[in-house]
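Below, each chain spelled out in residue letters.
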Amino acid sequence: MIGALMPLAILDSTNTLLRERRERARALGNDLVSQGVFSLHCSCGNCGEDPLTAAFPDLATQDAAALVAFATAQCASDARRRCQACGKAAPLDGLRLHLWSQQRNGDGVFELANGISRWLFCADAAAPQVLAAGDALITTVLCDQLLRAGSFLNGLEGREEDALALWRRAAALMPQAPMPSIALGRAALLAGDEAAALEHLRNAAACSDGHAPACRQLGALLGELALRHRDGELLNRALDWLDQALDLEPGHPATSFALGRIFVSSGNMQDALDHLAVAATHAPLADEAEHMRGVALLQLGRADEAHQVFERLALRHPQDADALRMRAWTRAKSGDKAGAVQELDAMLATNPEDEETRNFRDLLSDDEG
Ligand SMILES: [Zn+2]
C-alpha cells in the first residue's frame, strides 16, 4: 500500500553510486555491467535503496523495447528482495537502472516505479533533466552500452568475436553514429584486413564531422594505414581529421600523440616535437611520447637534449632495455663514446644473451675506427 504511493527517492546527483559508476566507466573506457538499484519498502520500517550490480542479458541490449521489457520483468508486481535491515523478503517499490552514455556525457537513468517507466538524463553534476522517453535516447544509451561492452570483451582473450558481434549490433542500431564503425575499423586493421578497415572507416567518415573523439580516432587509424602504404593522399586525410579534432578539443593529449606519431614516422621531426611534448603530459601516453620525442631530437641533431630525454626514461624504467640502449646511444652521439660503451658493457655483463645491445655495442666500436 505504502509502496504503491511512494515513488523512488529523488535522484541525487551527488549520489555515490551514480558518481562511482560514472568514474568507473570513465576510468575503464568500457563497462560490461550496469548498475541496477532496487528500491524496497519493508514492514520493519526500512525503506530505501538496495544496491546490486545487474549484468544485462544479451537480449536487453537488442533495442529500446527489449531493455524496457527486461527492466519491467525485474520489477514485476510480486517481486521481492531481501531487506538489509531485518533479512526478511520485502516488496519492491521500483527499479532504477544507470547506463552511462559517452555520447551524452552523462548517465541515462531508467526508472520504473508503480508500473510507470520514465527516462532521466543526468549530465555531470547538473540537476537531473527529465527528457521525453523517446526511443532515440534509449537507442543512444544502448549503442554506448554495446560499444563499451564490446571494448571490454575485446580485451579478454578469446572473446574478440563476441566483441565484434556487439559492435556490429551497435552499428546497426545507430548507422549514423561514427564510433561503432571506428571500433570495427580498428579491429579489422588489427586483424590485417585493410580493405574491410577502409570500408568501416569510410562509413565513419560520413558522420564524424563535429564529433571530437571520432575525428581523433578516425585520424589516428587512417594515419596508421597511410604510413603502412606510404599513401600521401590518405595521410592528408588523416591529418585533416586530426586537425579538426584539435579545433574541437584544443590541447587534447591523445590527438597530439597521434599527430606526433604520424610526423615522426613520416620523417617530419620538427613538426612532431610540440605535439609530443603535449602528449607527454598525459600519463598513459607519456613514456611512448617521450621516447618518440627523443628519437626526433636525435634526428634533428640535438643529441644533448635527446640524451636528457632518454636519461629521464631510463631512470623511470631501469629495466627497460630499449630506454637504456637509447640512453647509451644518445650519450655517444653527444660526444661521450667511452661512457656509452661502458653503459652497454654493463648491460651485457648482466645479460650476455642480449643481441640487440651487442649490436649497439658493435656499431659504436665500428664508429671508433
Ligand atoms: Zn526489514
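Everything here concerns the structure above.
What counts and how
- All residue numbers refer to position in the chain's written sequence, counted from 1.
- Two thresholds apply to this predicted model, a pLDDT of at least 70 for residue-level local features and 80 or more for giving and counting side-chain atom pairs, whereas whole-chain, interface and lining totals are computed over all residues.
- Starting at the N terminus, helices and strands are each numbered in turn, a helix being any DSSP run of H or I of at least four residues and a strand any DSSP run of E of at least two.
- To sort residues by exposure, count the other C-beta atoms lying within 10 Å of each residue's C-beta; 20 or more gives buried, 12 or fewer gives exposed, and values between give partly exposed, all with C-beta atoms placed from the backbone.
- Residues are defined as contacting one another if the C-beta atoms placed from their backbone atoms lie within 7 Å.
- Angles shown run from 0 to 180 degrees and are taken between the N-to-C directions of axes, each axis being a line fitted to C-alpha atoms and, for helices, limited to the stretch in contact.
- Oblique is the label for any angle not covered by the other classes, which are roughly parallel (under 35 degrees), roughly antiparallel (over 145) and roughly perpendicular (65 to 115).
- A clockwise turn of the near helix away from the far one marks a right-handed crossing, whereas an anticlockwise turn of less than a right angle marks a left-handed crossing.

Asker: Sorry, what's going on with unusual backbone geometry here?
Answerer: Generally, phi is negative for residues other than glycine and the peptide bonds are trans, each holding for most cases. You will see that R230, though not glycine, has its phi angle at about 50 degrees, which is positive. In this structure, R230 sits in the loop between α8 (212–229) and α9 (232–248). C-beta crowding within 10 Å serves as the criterion here: with 9 such atoms nearby, R230 is assigned to the exposed category.

Asker: Teacher, can you tell me more about the environment of L285 here?
Answerer: Within the fold, L285 resides in helix α12 (residues 283–299). What makes L285 buried here is the crowd of 20 C-beta atoms within 10 Å. It is 7.4 Å that separates the C-alpha atoms of L285 and F257, two residues lying 28 residues apart in sequence. Aside from chain neighbours lying at most four places away, what touches L285 is P253, A254, F257 and A279.

Asker: Explanation requested: the packing of α8 against helix α10 (residues 253–265) in the structure shown.
Answerer: For any two helices packed against each other, the geometry is given by the interaxial angle and the distance between the axes. Where α8 contacts α10, the two axes come as close as 10 Å, and the packing angle between them is 15 degrees. The angle between the axes of α8 and α10 places the two elements in the roughly parallel class. Regarding α8 and α10, the two cross each other, and that crossing is left-handed. Each of R216, G219, A220, G223 and L227 in α8 lies in contact with α10, whose residues at this interface are A254, T255, A258, I262 and S265.

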